[in-house]
Amino acid sequence: MAEAVPTSPKQSEARSLDRPLTTRSSSSGPLAEELQCSICLDPFTDPVSTPCGHNFCKSCLNQCWDNSQTYNCPLCKENFRRRPDLKINTALREVVLLFKEKSCKSKTEVLCDICDDIKMKAQKICLVCQSSYCQTHLEPHQRVPKLKKHKLIDPVENLEVYICQKHEKPLELFCRDDQTCVCLLCAVTNHRNHNTVSVEEESKEKKSQLMKMQTDMQQMIQDRMKRIQDLKNLEELRKETSEKEKAESIELFTDLIRSIERCQSEQLEMMEQKQKAAEKQTEEFIKELEQEITELKRRDTELEQLSHTEDHLHLLQIYPSLSRPAHTSRWTEISNDTRESETNLRKALTQLQETLNEKLSKSVLKSMQRYTVDVTLDPDTAYPTLILSDDGKQVMHGDIELELPDNPKSFDTCACVLGKEGFSSGGFYFEVQVKGKTEWDLGVARESINRKGMTAASPENGYWAVFLRNRNRYQACESSPISLSLRVKPQVVGVFVDYEEGLVSFYDVKSSSHIYSFTGQSFTEKLLPYFSPGSKKGKKCKNAAPLIISHVSK
């Protein structure tokens, strides 16, 4: 079977010249030329025929004529008086499509280099012999000991990729220093002192790395799919919460409207009853006044007569009855009743408004309490004189400044402490008991606030807070502090933040009344709950009570 292994240069040269004929990937030949556009030199696309009988791509011919003042055949130069109306040659187009399909199917089919007449499909390619073999002509490489050592690979068209272009030897080694495939001669010359391994060994290593990359990639895909699902679940939860809040808001305002309508109806009915009573009373008063006028006129007539009488005895007898004051009605009571009615009406309306405000405030606070989060104090941020409870829910001012190692997270000048948990989206709410204190600060702060030295608490410096000083002086920490007028002294303060809306609100939980809100803020980083219990005052240790993070009763 020696004929299966060409050894002479002439045979090798012949094999090299014959290679295009041993594969079906070549598109050359008479048929290919006939199906080729002479303008773009590619197979026809939507072929059209000129009156002289030549074929071109429709777009190629139109472009050629669009850029010319005359219309002629690009191939034979025959002139046409008018621009021909081009119709696609459907039969030729079908032939071109079949040719393209056949060419595509045959591109990956490599044929045997040794077969003489009918070329059989190659089963292997020998990198040493640089030839392709069908199953029959491959037999010597499977039997002859010397040939069995040759490197065989699956059939490929681009055989040159597997051969060293400098030494024409198989690329059997991999240089890890230069990250390239080399032949045996390269390994002992240009890569002599380099770390080289077999292609198989490096391929195995690369496959292991690829498997790890694939595992990591699959994990990344799973993580992102889980993230997508979490976002979808969150969005669904938000929708459900929003729908529930809408329904509750509609119910609340429906109840309020009903209350208003009921109170309005009751007030109108009461006013109507009082109006009717007043009208009846007025009629009675008018009747009494008319009777009084009649009686007074009668007595006036009698007095006129008696003033001219000479019957002195009769005058003295009836004088007592005439000298008594005439009967007068209660007409002055009308205006008094009207004023009382107006006063009662105003009082009822005021009570109604207060009731509606109370219901609305309670509803708003209840809605915010749905966003309750578990807040715990962070001891790493605490000022050295502050004392934190073991559960991280209480903080108070101590008498001794603790000697603690310098911590970049802790406050070194202000008696403050931050919460462990930070929030950078959505809404969150927490409540703090301030009962028995004469000073305190409460709110939220940016994670990046300056914790060393004195810093004014304001939104520009990353603080959104309210504070109490001297028992009764409440202020909001704006750029210029704003004094707050509160009807009652808060015992528990609720803090609500809507990150996306830029809102920070404070509420008196017991009275369900609004204390203050920062609106229109722009948050760009994580927000942390912010606390300051204030310092103790005097020997009586005023303000010694702790700030306590409360459990929220929803």
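Here the structure is a predicted model, which is why all the values come from computation and not from measurement.

Parameters at a glance
Residues numbered from 1 in each chain as written. Predicted model: local features only at pLDDT ≥ 70, side-chain atom pairs only at ≥ 80, totals over all residues. Heavy atoms only, no water. Helix = DSSP H or I, 4+ residues; strand = E, 2+ residues; numbered from the N terminus. Buried < 20%, exposed > 50% of the residue type's maximum accessible area, 1.4 Å probe, protein only. Contact = heavy atoms within 4.5 Å. Areas by Shrake-Rupley, 256 points an atom, 1.4 Å probe, with all protein chains shown as cover. Salt bridge = Lys/Arg side-chain N within 4 Å of Asp/Glu carboxyl O. Polar contact = N/O pair within 3.5 Å; in protein donor to acceptor, adjacent residues only side chain to side chain. pLDDT = per-residue confidence, 0-100. Pairing = 2+ DSSP bridges. Axes fitted to C-alpha atoms, helices over the stretch in contact; angles between N-to-C directions. Core = buried A, V, L, I, M, F, W, Y, C linked by side-chain atoms within 4.5 Å. 1 Å grid on protein atoms, 1.4 Å probe; cavity = no way out; pocket = protein on both sides within 12 Å on 5 of 7 lines; lining within 4 Å. Points joined across faces, edges and corners; volume = space filled by probe spheres on them. Nonpolar A, V, L, I, M, F, W, Y, C, P; charged D, E, K, R; others polar. Disulfide = S-S within 2.5 Å. Phe/Tyr/Trp six-rings, centres within 6.5 Å; stacked < 30°, edge-to-face > 60°. Arc of directions from axis to C-beta.

Caption draft 1: The overall build of the protein, seen in detail. In terms of helices and strands, the protein carries 10 helices and 23 strands. Evaluated residue by residue, the protein yields a buried proportion of 31% over its 554 residues. Of the contacts made within the protein by residues no fewer than 6 positions apart, 58% connect residues no fewer than 24 positions apart. For the protein, the exposed area adds up to about 36,300 Å²; of that, 52% sits on carbon and sulfur atoms.

Caption draft 2: Here's a closer look at the pattern of salt bridges. Taken as a whole and judged by the stated rule, the model has 17 salt bridges. Here D230 makes a salt bridge to K226, at a shortest N to O gap of 3.2 Å. Of this pair, D230 and K226 both sit in helix α8 (residues 199-306), four residues apart, which is roughly one turn of the helix. By relative accessible area, D230 is classed as partly exposed at 33%. Within this structure, R176, E202 and K206 form a network of salt bridges that share partners.

Caption draft 3: Geometry of the side chain of H397. Counting through the fold element by element, H397 comes out in strand β12 (residues 394-397). Looking at H397, its side chain comes within polar contact range of the side chain of T385, at 3.2 Å.

Caption draft 4: Representation of the confidence of the model for the protein. Taken residue by residue, the protein gives an average pLDDT of 82. The fraction at 70 or more is 81%. Of the regions scoring below 50 in pLDDT, residues 1-28 engages in 38 contacts with residues more than four places distant in sequence or in other chains.

Caption draft 5: Geometry of the sheet that holds strand β6 (residues 131-133). Read from one edge of the open sheet, three strands run β6-β5-β7, paired in antiparallel fashion. Only two strands of the sheet have a single partner each, and these edge strands are β6 and β7 (152-153). For strand β5 (residues 124-126) and β7, the ladder comprises two bridges, and the chain directions are antiparallel. Looking at β7, one finds that C126 is bridged to L152.

Caption draft 6: Seen up close, the sheet that holds strand β9 (residues 180-182). Taken in spatial order, the three strands line up as β9-β8-β10 in an open sheet, and their pairing is antiparallel. Edge positions in the sheet fall to β9 and β10 (196-198), since each has one partner strand and no second. Within this sheet the neighbouring strands show an average axis-to-axis angle of 35°, counted without direction. Two strands pair when backbone bridges link them, and strand β8 (residues 173-175) and β10 are joined in this way by three bridges, in the antiparallel orientation.

Caption draft 7: Summary view of the nonpolar core. Membership of the largest hydrophobic core comes to 36 residues, with the highest contact counts inside it found for F430, W440, V504, F506 and F531. Residues W65, F80, V96 and F99 belong to the second largest nonpolar core, which totals 16 residues.

Caption draft 8: Representation of empty space enclosed by the protein in the model. In this structure the tally under the stated criterion is two cavities of 30 Å³ or more. What the largest cavity holds in volume is close to 40 Å³. Every residue lining the largest cavity is listed: W440, V466, F467, Y474, Q475, L484, L486, P490 and I515. Elements with a minimum of two residues in the lining of the largest cavity: β16 (463-469) and β17 (473-476). The residue makeup of the lining of the largest cavity, split by class, is eight nonpolar, one polar and no charged.

Caption draft 9: Region of the structure containing unusual backbone geometry. Positive phi values are uncommon outside glycine, yet K77 reaches one of about 70°. With respect to the helices and strands, the residue K77 is situated in the loop between β3 (71-72) and β4 (79-80). Positioned with a positive phi, Q130 is a non-glycine residue whose angle comes to about 55°. Given a relative accessible area of 25%, Q130 falls into the partly exposed group.

Caption draft 10: Molecular detail of the state of the cysteines. Under the defined criterion, the tally for this structure stands at zero disulfides. Distance from the sulfur of C52, which forms no disulfide, to the nearest cysteine sulfur (C73) is 3.5 Å. C40 supplies the cysteine sulfur nearest to C57, a cysteine that is in no disulfide, at a spacing of 3.9 Å.

Caption draft 11: Expanded view of the packing of aromatic side chains. Here the structure, examined in full by the defined rule, presents 11 aromatic pairs. Considering the side-chain rings of W65 and Y71, the 6.0 Å spacing of their centres and the 75° angle between planes classify their relative orientation as edge-to-face. Aromatic side chains F423 and F428 sit 4.3 Å apart centroid to centroid with 20° between the ring planes, which places their arrangement in the stacked category. By relative accessible area, F428 is classed as buried at 0%. Grouped by ring-pair contacts, the aromatic residues W65, Y71 and F80 constitute a single cluster.

Caption draft 12: Representation of the pairing of strand β21 (residues 513-518) within the structure. For strand β20 (residues 503-508) and β21, the ladder comprises five bridges, and the chain directions are antiparallel. Following the sheet pairing, Y507 is matched in β21 by H514. Here β20 hands over to β21 after four residues, with S512 in that stretch at a positive phi of 55°.

Caption draft 13: Seen up close, the pairing of strand β15 (residues 440-446). Among the seven residues in β15, six count as buried, and that is most of the element. Bridge analysis of β15 against β16 gives six bridges, and the strand direction is antiparallel. Residue pairing across strands places D441 opposite F467, the latter belonging to β16.

Caption draft 14: Representation of helix α3 (residues 58-66). For α3, every residue scored as buried is listed here: C60, L61 and W65. Down the axis of α3, the buried set is contained in an arc of 125°. They therefore lie on one face. The exposed set on the far side of α3, more than 90 degrees from its buried face, consists of S59, Q63 and D66. For α3, the elements touching its buried residues are β1 (47-49), β2 (55-57), β3 and β4.

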